[in-house]
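# Chain and residue survey
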Amino acid sequence: MAVGSGITSTPEGGGKYYSGKITPFVVLSCMVAATGGLIFGYDIGISGGVTSMEPFLEKFFPKVYRTMKEDTKISNYCKFDSQLLTSFTSSLYIAGLVASLFASSVTRAFGRKPSILLGGASFLAGSALGGAALNIYMLILGRILLGVGIGFANQSVPLYLSEMAPPKHRGAFNIGFQVCVALGVLSANLINYGTQKIKGGWGWRISLAMAALPASILTIGALFLPETPNSIIQRSNDHQKAKLMLQRVRGTADVQAELDDLIRASSVSKTIKHPFNKIIQRKYRPQLVMAILIPFFQQVTGINVISFYAPILFRTIRLSESTSLLMSAVVTGGVGTLFTVTSMILSDKLGRKVLFLIGGIQMFLSQMVIGSIMAAKLGDHGGFSKDYAYLILVLVCIYTAGFAGSWGPLGWLVPSEIFPLEIRSAGQSITVAVGLLFTFLIAQTFLAMLCHFKSGIFFFFGGWVMVMTLFVHFLLPETKNLPIEQMDKVWRKHWFWKKIVGEVEEESCKITQEA
């Protein structure tokens, strides 16, 4: 270790660590910020449960309710096929997509903290409107406000966590966001299970209005959050203030090495006036590809089949409304939370790629078996025996565990840590926008796909899981333990990306020599 440098060699000898330790200050700050995941998870969990409640359907979607209750000629796979019903779920995500692009400018110009605060406040307003909805228009407007909140929170929270976390533990800290998403899903499903039993048919109002609780936690907590050292330097160029914050975050006075890297990255960042134009340049091609394909692949895993519509899916296989909500709580909430925590523990030890590959294989195999059983045993008008119904529940648990241990948390972690500071806010906005775009498309089309594809829906998503697993194996470099401001090294060493990035560096060297 170089004396006074603030640097120690990694055990592998392949990089450098900064001095510092995990401090109570950084843990508390990241815990508060990570609650941004609660609002996202709560909405994912609440939507599917509410749309399977008969009083809710009868009030806002009477045609779907009558079809479900009265029309025995409709296929098991088509009973919930309604574009208006899917609009209730998907309107949030198109609003979040637009909001995430505006969030990039706010995050870059004013800091991570204001974006988090705006996200919490907007979600709070949306939850109040949803719980008080008297007609479909109030309901959809509430969803749009929720979407604005998610757009801002999902854009800023992963950045905040990656910038505040010590490099050696960045994976664990960042996955805290996904742990909160899983806890949000779990709590939403348990609330749905409880409110469904309320007499009078107004329990859905409690489910929608309770979104105010995680939104309040985030909004109030954001008022007390410190800004990240990266953002302080980027916005105000106050090196002394950034140094003091860095010392407080890292729990040591020896932060000069990390501060120098932040100042260097900020100097480059200040030369960039239009980061969205910059990110399309060839030198940032690897990051741009990951910003687009990782969130795209995360959505075509088929997780939304489980998360949004698990209660509807379980009712399709002839489980009761109450049992469907309970099973949804156990599967999407409990299993998801458990294996997201497992990913948090292992991501900085085994690495990102290993978890991606294990999860991909697990999801692919479980989807193939589920699709095969449904194709062989569930007809358009029949039902499952209890044995087959519970076998599918077990397989859904296996699938959910695979996603929660890999693409769920790592789909947020990897994009948030690979962008250099000059394009970081723009890159994260692209990641969130692509994710929300395909979340919207799948949410809007899933029930129609289920009606037309029937059991083939699992083979469809299983095929995508195979493609994305191969993509990770060949094209995603390992990023564990590398300081965030030195992440450009992984592309120059990768067998494929070095051809692209290396050519740019050679051209730059030639221009410099000629000058």
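Looking at an unreviewed UniProt entry, one finds the chain named Hexose carrier protein and attributed to Melia azedarach.

Here the phi dihedral of Asn237 falls at roughly 60°; this positive angle occurs in a residue that is not glycine. We note that Asn481 has phi near 70°; this positive angle belongs to a residue other than glycine. Mapped onto the secondary structure, Asn481 falls in the loop between helix H23 (456-475) and helix H24 (489-493).

Among the nonpolar cores identified, the biggest contains 117 residues, and Phe56, Phe61 and Trp407 are the most heavily contacted of them. Considering every element that reaches this core, the biggest residue donor is helix H22 (residues 421-453), with 12 residues. Discounting residues that sit within four places of it in the chain, Phe56 has contacts with Val50, Thr51, Phe61, Phe88, Leu139, Trp204 and Leu208.

Another point: helix H13 (residues 256-270). Its 15 residues place the ends of H13 21 Å apart at the C-alpha level, agreeing with the 21 Å of an ideal helix rising 1.5 Å per residue. Those residues of H13 that sit buried are Ala257, Glu258, Leu259, Asp261, Leu262, Ala265, Ser266 and Ser269.

Relative to the helices and strands, Met363 is located in helix H19 (residues 352-377). Residue Met363 is classed as buried on the basis of its relative accessible area, which comes to 0%. Distance from Met363 to Ala401, taken between C-alpha atoms, is 8.4 Å for residues 38 residues apart in sequence. Setting aside residues no more than four positions away along its own chain, Met363 makes contact with Thr301, Tyr399, Gly402, Phe403, Ser406, Trp407 and Val465.

Applying the stated criterion to the full structure yields 17 aromatic pairs. On the basis of an interplanar angle of 70° and a centroid distance of 5.5 Å, the ring pair of Phe56 and Trp204 is categorised as edge-to-face. Separated by 148 residues along the polypeptide, Phe56 in helix H3 (residues 54-60) and Trp204 in helix H9 (residues 203-209) bring together distant segments of the chain. For the pair shown, Phe56 and Trp204 are each scored as buried. Where Phe296 meets Phe438, the ring centres are 4.7 Å apart and the plane angle is 70°; that geometry is what we call edge-to-face. You can see Phe296 sitting in helix H15 (residues 285-299) and its partner Phe438 sitting in helix H22, a full 142 residues away along the chain.

For the coordinates displayed, the defined rule picks out 10 salt bridges. The salt bridge partner of Glu417 is Arg170, with a shortest N-O separation of 2.8 Å. Of this pair, Glu417 sits in helix H21 (residues 407-418) while Arg170 sits in helix H8 (residues 170-195), placing them 247 residues apart in sequence. When sorted by exposure, Glu417 lands in the same class as Arg170, which is buried. Between Arg250 and Glu258 there is a salt bridge, with its nearest N and O atoms 2.9 Å apart. Because the salt bridges share partners, they merge into one network encompassing Arg112, Glu163, Arg424 and Glu485.

Our focus in this paragraph is the environment of Lys489. By the secondary structure assignment, Lys489 is in helix H24. For the pair Lys489 and Thr479, spaced 10 residues apart in sequence, the C-alpha separation works out to 9.6 Å.

Calculation rules
Residues numbered from 1 in each chain as written. Predicted model: local features only at pLDDT ≥ 70, side-chain atom pairs only at ≥ 80, totals over all residues. Heavy atoms only, no water. Helix = DSSP H or I, 4+ residues; strand = E, 2+ residues; numbered from the N terminus. Core = buried A, V, L, I, M, F, W, Y, C linked by side-chain atoms within 4.5 Å. Buried < 20%, exposed > 50% of the residue type's maximum accessible area, 1.4 Å probe, protein only. Contact = heavy atoms within 4.5 Å. Expected span 1.5 Å × (residues − 1). Phe/Tyr/Trp six-rings, centres within 6.5 Å; stacked < 30°, edge-to-face > 60°. Salt bridge = Lys/Arg side-chain N within 4 Å of Asp/Glu carboxyl O.

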